[in-house]
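Descriptive structure summary
Spelled out, the chains give:
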Amino acid sequence: MIDDILKEVEKYRKIAIQAPDGLKRLAEELAGKLGDAFIFTDPCYGACDIKDREAKELGAEVLIHLGHRDFGLEHCIPVLFYPYYYDIYVKDKDIERISEAIGDNAFSICFSINFERVAHKIASALESTGKKTSSMQCVLGCSFPSIEGMVLYIGDGSFHPLGIALKSSVLAFDPLTAELKEMSAEGKALDRKRRGNLLGVLSAERIGILVSTKRGQQRMKEAIEMKKMLENKGKKAEIFVMDRIEESSLTGYNVEAYVNTACPRIALDDEFEKPIVNYTDLVDIERKMRDEQM
Ligand code: SF4
């Protein structure tokens, strides 16, 4: 991978590198071989968070973004995406555990991009034990596929398997730790948390609408529409803008609950003292109410 990158960027003089936590060493190794290069150290969770503007301001001619796949944002300098593919050997005993947990159920496989190769290996190993996968799907960015029946999720982290578990039965296998987990209890707990937060936001009088300046997460237009919607319901709503959405940045403001328009993981994964929901949940409720009135 490093050789391919070096070849592709040889025409550029100054180079910026951005990488998620797991690829810091790779970024460092790359910078060492490139010469005139620098590394952004801010946390980077997806291709929604591209630092091309900052890189340009610092004189870089190109930005190398490691670990994620491009999902089509416009950039002010060339951005080269290099998704990272784990190549992990999955032991026979782990395949047996997965196979037993699947039992006789029909199942589909979902995987995050970094585990694509491992997912295909697991699918063929399961096939050799007589199990047949109904479909294989890569889960990208903020989306959760809606799949009938059982889903075997292959990847690390809980955001995607939990999101899928809101609608399907999910078995999650993390090839990095060999942990195999049934997600329905956590899916139900997340659903309870989400509903509780929804009630908290709906009953609040003063609401903060959160907007991130990260390029692929910036939804100011939706925030303005949400403000109007909440004010039409007699609530007081203000828009708060920040780069990284953190409750500590909101200390001191007189609001009782938050509506998040940035990364949907924030309302699902992060712990906030005040109720927080994703704006899409409120939009869904509003749409349902309108449909019922028709
Ligand atoms: S889930 Fe969050 S971090 Fe991932 S692509 Fe979506 S906005 Fe970005």
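Reading the values: rules and limits
- Residues numbered from 1 in each chain as written.
- Predicted model: local features only at pLDDT ≥ 70, side-chain atom pairs only at ≥ 80, totals over all residues.
- Heavy atoms only, no water.
- Near = heavy atom within 4 Å.
- 1 Å grid on protein atoms, 1.4 Å probe; cavity = no way out; pocket = protein on both sides within 12 Å on 5 of 7 lines; lining within 4 Å.
- Sits in = over half its atoms within 2 Å of the grid points.
- Nonpolar A, V, L, I, M, F, W, Y, C, P; charged D, E, K, R; others polar.
- Helix = DSSP H or I, 4+ residues; strand = E, 2+ residues; numbered from the N terminus.
- Phe/Tyr/Trp six-rings, centres within 6.5 Å; stacked < 30°, edge-to-face > 60°.
- Buried < 20%, exposed > 50% of the residue type's maximum accessible area, 1.4 Å probe, protein only.
- Lys NZ or Arg CZ within 6 Å of the ring centre and 35° of its normal.
- Points joined across faces, edges and corners; volume = space filled by probe spheres on them.

**Description of the site of the ligand**
The environment of the ligand is made up of Y45, C48, F71, G141, C142, F159, Q217, C263 and R265. The pocket occupied by the ligand, as judged from atoms lying within 2 Å of grid points, is the largest pocket. By residue class, the composition of the shell around the ligand is six nonpolar, two polar and one charged.

**Here's the deal with unusual backbone geometry**
A positive phi angle, near 65°, is found at A178, a position not held by glycine. When you line up the elements, A178 lands in the loop between strand 8 (169–174) and strand 9 (179–182).

**What to know about the packing of aromatic side chains**
Inspection of the entire model under this criterion finds five aromatic pairs. Ring centres of F240 and Y253 lie 4.6 Å apart, and the angle between their planes is 50°; this geometry places the pair in the tilted category. On the criterion of sequence distance, the pair formed by F240 in strand 11 (residues 236–242) and Y253 in the loop between strand 11 and strand 12 (257–260) is long-range, its members being 13 residues apart. With relative accessibility at 44%, the residue Y253 sits in the partly exposed group. When the centroid spacing of 5.9 Å and the interplanar angle of 70° are considered together, the rings of Y258 and F272 count as edge-to-face. Taken together, the positions of Y258 in strand 12 and F272 in the loop between helix 9 (265–269) and strand 13 (276–278) put the pair 14 residues apart, joining distant regions of the chain. Comparing Y258 with F272 shows no difference in burial state: the two are buried. An aromatic cluster of at least three residues, connected via ring pairs, comprises Y84, Y86 and F115. Of note, K51 hangs over the ring of F40, and the distance from its end group to the ring centre comes to 6.0 Å.

**Some thoughts on empty space enclosed by the protein**
Enumeration over the complete set of coordinates arrives at one cavity of 30 Å³ or more. Roughly 30 Å³ of volume is contained in the largest cavity. When contributions to the lining of the largest cavity are tallied by element, the ones reaching two or more residues are helix 7 (184–203), helix 9 and strand 13. Counting residues per element, the lining of the largest cavity draws most heavily on strand 13, at three residues.

**Quick notes on the environment of P161**
Mapped onto the fold, P161 is located in helix 6 (residues 159–165). The exposure class assigned to P161 is buried, which follows from its relative accessible area of 1%. Here the alpha-carbon distance between P161 and P43, two residues 118 residues apart in the chain, equals 22 Å.

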